[in-house]
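Chain by chain, the residues run as shown.
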Amino acid sequence: MHKDSKNAQLRNVAIIAHVDHGKTTLVDAMFRQSGVFREGQETEERLMDRLDLERERGITIAAKNCSIVWKGVKINIIDTPGHADFGGEVERALSMADGAILLVDASEGPLPQTRFVLSKALQAGLVVIVVINKIDRQDARTSEVVNEVLDLLIDLDATEEQLDFPLFYAIGKEGIVKTSLEEKNENLHPLFDAILQYIPPPEYSKEEPFQMLVSDLSYSDYLGRLAIGKVINGSVSCKTDLICIGHDGVQTALNVSKLQVYEGPAVRETDRAKPGDIVVLSGIDEVFIGDTICTKESPKALKRISVDEPTVSMKFTANTSPFSGREGRYVQTSKIYERLQKETLLNVSIKVEKARDGDGYIVKGRGEFQLAILLETMRREGYEVCVGRPQVIFRHENGKKLEPIEHLFIDCSENFTGIVTEKLSRKKARMLSYINHESGRARLEFSAPSRALIGYRDEFLTDTKGTGIMNSLFTGYEEYRGEFPERFTGSLVADRQGEAVPYAIFSLEPRGHLFVVPGDPVYEGMIVGEHSRDNDLNVNICRTKKLTNLRAAGKDDAVILTPVTPMTLERALQFIREDEMVEITPLSIRMRKVKLSAQDRKLKNRQA
């Protein structure tokens, strides 16, 4: 199909960066300086992080759109997640863009997730503008980082045109962009001008009728299902009869009840959308990501969005603990299944299957972090659910067992490289490089099985006294590297229902590390601590002090307990073993055995 026309009044640009390189802060500054807000209007910080979880964690989870106007040209900005676990969001977002702004930290340089998102942008043939951000950092090494970006582009087989990228230097939080380090500038105008100059306007064919690719879905209580995507060819107006072409070529008739486009961080209603516009259509019930929406007269499907396969799975079941239904509104298996199905409609990289044993569902995703975010969202919506340990998805080809492999990047103090290397080699990781900048810190790279990293992040932070930085990138499947021990410690398991008592906790402290505090409700089969040995131990955490009529010196001294770190969802998922589960409710996170009764567990061990 020959594209002979351009919509010069429009630019679609994606902003790509690693987690915490200042992407959302830069978008805030773009809003302020392009006149989206009137003078003196009160605005929130990190405006594009609309989800509570994004604000709490300081990361972008869902790709989102917004727009600004500069010199009469509308610029649609697509904010993409910086974490590889949300890769499905990235592929969707890039399908709407014609160019990308690559944001790189002046100290950290391009990190694994930068590589992941950039490779997707280059594969899509996007023009890339490079912005080195945070040049005001004391540890900034700007010129070295520019060379690292160039090396990365060469490594990713960038074309000659992509290697000749426009380069800018920025202090995102102050809203300053410069063309050189020496230049004196107080605003983002050079970046706005560069977007108009270097990012090509959307191209379309005059002969072709209306076509739109659905890249994102949303839901409104008033308008129902919303389809978001870029108009590839033709134009559309409200109340038009169109059709939607699904993945199997099935055509569904639909009528556009409302047509909206982005204006600033919000949307506004419009009568007509032109080629290249990113639009929000309502009035469509059966629509999925990757579908084509076009006219009845000439139905033509566009190429669907392809997404990398999931690498991690987790079993979701209804909450069967004695405390089930106390805190959540939705506890039935059918309700959990409905919620998971809804997630697959909005998130292309998540797949849901019924478990083979008929009990619960297997949810597949791009990483344990993505599944943890899904669980955290569900518990906030009032769901109760039990989940098993994250498992990697193996493949079998030509009689060989293959497993997912990660490229692991570690930055830590050189004092800790010994323990890090020792632990990772035990987990079948292979060292690829060791770089010491003589600054007291070292950069290590490993090829490690994905299953080695499940549960390793907490251990790594403990080993490096909280100063290490660890990032990983999925590289593909390799031959299975063999077994290794997942956890060297057992669990302390409550043997009865009741409440944790200070006296009992104090007497159990020499046995290991406890997770409960006095007054916490417990039940038989609930994990109350980590045993210092490799076997499980059934304990009575509700035991009270036997009172006698004899008094002795020191008998009534108050017990002083070791403080307990509150259990987070990620820590719980990383801690549990094969025969354990995490019980997740709106107010609590507990760990438990799959079989709650000690008798049942004994019987199972005998059979095994």
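The structure presented is a predicted model; accordingly, all values stated were derived computationally and were not measured.

Calculation notes
- Here the residue index of a chain counts from 1 through its sequence in written order.
- At least 70 in pLDDT is required for a residue's local features to be given in this predicted model, at least 80 for side-chain atom pairs to be given and counted, and no such filter applies to totals for whole chains, interfaces and linings, which use all residues.
- Only hydrogens and water are set aside when side-chain values are computed; all heavy atoms of the structure are taken into account.
- Numbering of helices and strands runs from the N terminus, with a helix taken as a DSSP run of H or I at least four residues long and a strand as a DSSP run of E at least two residues long.
- Type-normalised accessible area, obtained with a 1.4 Å probe on protein chains alone, sets the label of each residue: buried when under 20%, exposed when over 50%, and partly exposed for intermediate values.
- In what follows, residue pairs with any heavy atoms lying within 4.5 Å of each other are defined as contacts.
- Surface exposure here means Shrake-Rupley accessible area, sampled with a 1.4 Å probe, where a residue is shielded only by the protein chains that are shown.
- Only C-alpha atoms enter the line fits that serve as axes; for helices the fit covers just the stretch in contact. Angles between N-to-C directions range over 0 to 180 degrees.
- The scheme is simple: roughly parallel for angles under 35 degrees, roughly antiparallel for over 145, roughly perpendicular for 65 to 115, oblique for anything else.
- Crossing handedness is read from the near helix: turned anticlockwise from the far helix by less than a right angle, it gives a left-handed crossing, and turned clockwise, a right-handed one.
- Any residue that is not Ala, Val, Leu, Ile, Met, Phe, Trp, Tyr, Cys, Pro, Asp, Glu, Lys or Arg is counted as polar, Gly included; the first ten are nonpolar and the last four charged.
- Here the expected length of a helix is defined as 1.5 Å per residue gap, with one fewer gap than residues.
- The quantity called pLDDT is the predictor's confidence in a given residue, expressed from 0 to 100.
- A carboxyl oxygen of Asp or Glu within 4 Å of a side-chain nitrogen of Lys or Arg is what we treat as a salt bridge.
- Among buried residues, the Ala, Val, Leu, Ile, Met, Phe, Trp, Tyr and Cys ones that are joined through side-chain atoms within 4.5 Å form a nonpolar core.
- Pairing between two strands requires that DSSP report at least two bridges joining them.
- Regarding the arc, it is the one traced by the directions from the helix axis to the C-beta atoms.
- Pairing of aromatic side chains requires ring centres within 6.5 Å, counting the rings of Phe and Tyr and the six-membered ring of Trp. Pairs whose planes differ by under 30 degrees are stacked, by over 60 edge-to-face, and all others tilted.

Undergrad: Give me the overall build of the protein chain: which residues, what numbers.
TA: Helices and strands together make up the secondary structure of the protein chain, namely 15 helices and 37 strands. A total of 608 residues make up the protein chain; the buried ones form 53% of that total. Expressed as a percentage of contacts within the protein chain between residues at least 6 apart in sequence, the contacts between residues at least 24 apart total 72%. Accessible surface, the protein chain as shown: approximately 28,500 Å² in total, 48% of it carbon and sulfur.

Undergrad: Which residues make up the packing of helix 10 (residues 417-426) against helix 12 (residues 456-463), and what values go with them?
TA: Two numbers describe how helix 10 lies on helix 12: the axes approach to 10 Å, and their chain directions differ by 155°. On the basis of the axis angle, helix 10 is roughly antiparallel to helix 12. For helix 10 against helix 12, the interelement crossing comes out right-handed. In contact with I419, V420, K423 and L424 of helix 10, helix 12 contributes Y456, E459, F460 and D463. Residues belonging to the contact of helix 10 with helix 12 are distributed by class as follows: 5 nonpolar, no polar and 3 charged.

Undergrad: So what's going on with helix 9 (residues 368-380)? Residues and values would help.
TA: Helix length check: helix 9, at 13 residues, gives a terminal C-alpha distance of 18 Å against a target of 18 Å (1.5 Å per residue), a fit within 8%. Of all the residues in helix 9, the buried ones are E368, F369, Q370, L371, A372, I373, L374, L375, E376, M378 and R379. Following helix 9 by one or two positions, G382 has its phi on the positive side, about 100°.

Undergrad: Help me get a handle on the confidence of the model for the protein chain, residues and values and all.
TA: Mean pLDDT over the protein chain: 79, with 88% of residues reaching 70 or higher. Contacts from residues 37-51, a stretch scored under 50 in pLDDT, to residues over four places away or in other chains number 36 contacts.

Undergrad: Give a detailed account of the pattern of salt bridges, specifying residues and quantitative values.
TA: Close approach of charged atoms lets side chains of opposite charge pair. Across all of its chains, the model carries 21 salt bridges by this definition. Of the charged contacts, one joins R451 and E403 as a salt bridge, the two residues approaching to 2.4 Å between their closest N and O atoms. On the criterion of sequence distance, the pair formed by R451 in helix 11 (residues 450-453) and E403 in strand 26 (residues 400-413) is long-range, its members being 48 residues apart. Among the salt bridges present, the one from R481 reaches E478, with a minimum N-O distance of 3.1 Å. Since its relative accessible area comes to 10%, R481 is described here as buried.

Undergrad: So what about the nonpolar core? Which residues, and what values?
TA: Among soluble globular proteins, nonpolar side chains are generally buried collectively. Of all hydrophobic cores here, the largest spans 38 residues; its most connected members are I16, L102, L118, I132 and V149. Residue contacts for L102: discarding those within four places in its chain leaves I16, T114, L118, V128, I129, V130, V131 and V149. If you look at the next biggest cluster of nonpolar residues, it comprises 30 residues, including V352, L371, V385 and I527.

Undergrad: Describe the environment of F515, naming the residues involved and giving the relevant values.
TA: Within the secondary structure, F515 sits in the loop between strand 32 (512-514) and strand 33 (521-522). Given a relative accessible area of 11%, F515 falls into the buried group. Beyond its immediate chain neighbours, meaning those up to four positions away, F515 contacts I527, V528, G529, E530, V564, M567, R571, F575 and M591.

Undergrad: Talk me through the pairing of strand 6 (residues 127-133); I want residue IDs and the actual numbers.
TA: Buried residues dominate strand 6, accounting for 6 of its 7 residues. The pairing of strand 5 (residues 99-105) with strand 6 spans 7 bridges and is classified as parallel. For I101, the partnering residue across the bridge sits in strand 6 and is I129. One ladder, built from 3 bridges, connects strand 6 with strand 7 (residues 167-171); its direction is parallel. What sits directly across from V130, in strand 7, is L167.

Undergrad: Would you mind going over helix 10 in detail, with residue names and values included?
TA: Every buried residue belonging to helix 10 is among T417, V420, K423 and L424, and all of these are buried. The buried residues of helix 10 occupy an angular sector of 140° when projected down its axis, which confines them to one face. In the core, the buried residues of helix 10 are packed alongside strand 26, strand 27 (430-436), strand 28 (441-449) and helix 12. One or two steps after helix 10, the chain reaches K428, where phi turns positive at roughly 70°.

Undergrad: A description of the packing of aromatic side chains should follow, citing residues and the corresponding values.
TA: The geometry of an aromatic ring pair is captured by the separation of the ring centres together with the interplanar angle, meaning the angle of the planes. All chains considered together, the criterion is met by 6 aromatic pairs. Centroid distance F323 to Y523: 5.0 Å. Interplanar angle 90°. Geometry classified as edge-to-face. Linking F323 in the loop between strand 20 (312-317) and helix 8 (333-346) with Y523 in the loop between strand 33 and strand 34 (526-531), this pair joins segments that are 200 residues apart in sequence. Neither residue differs from the other here; F323 and Y523 are each classed as buried.

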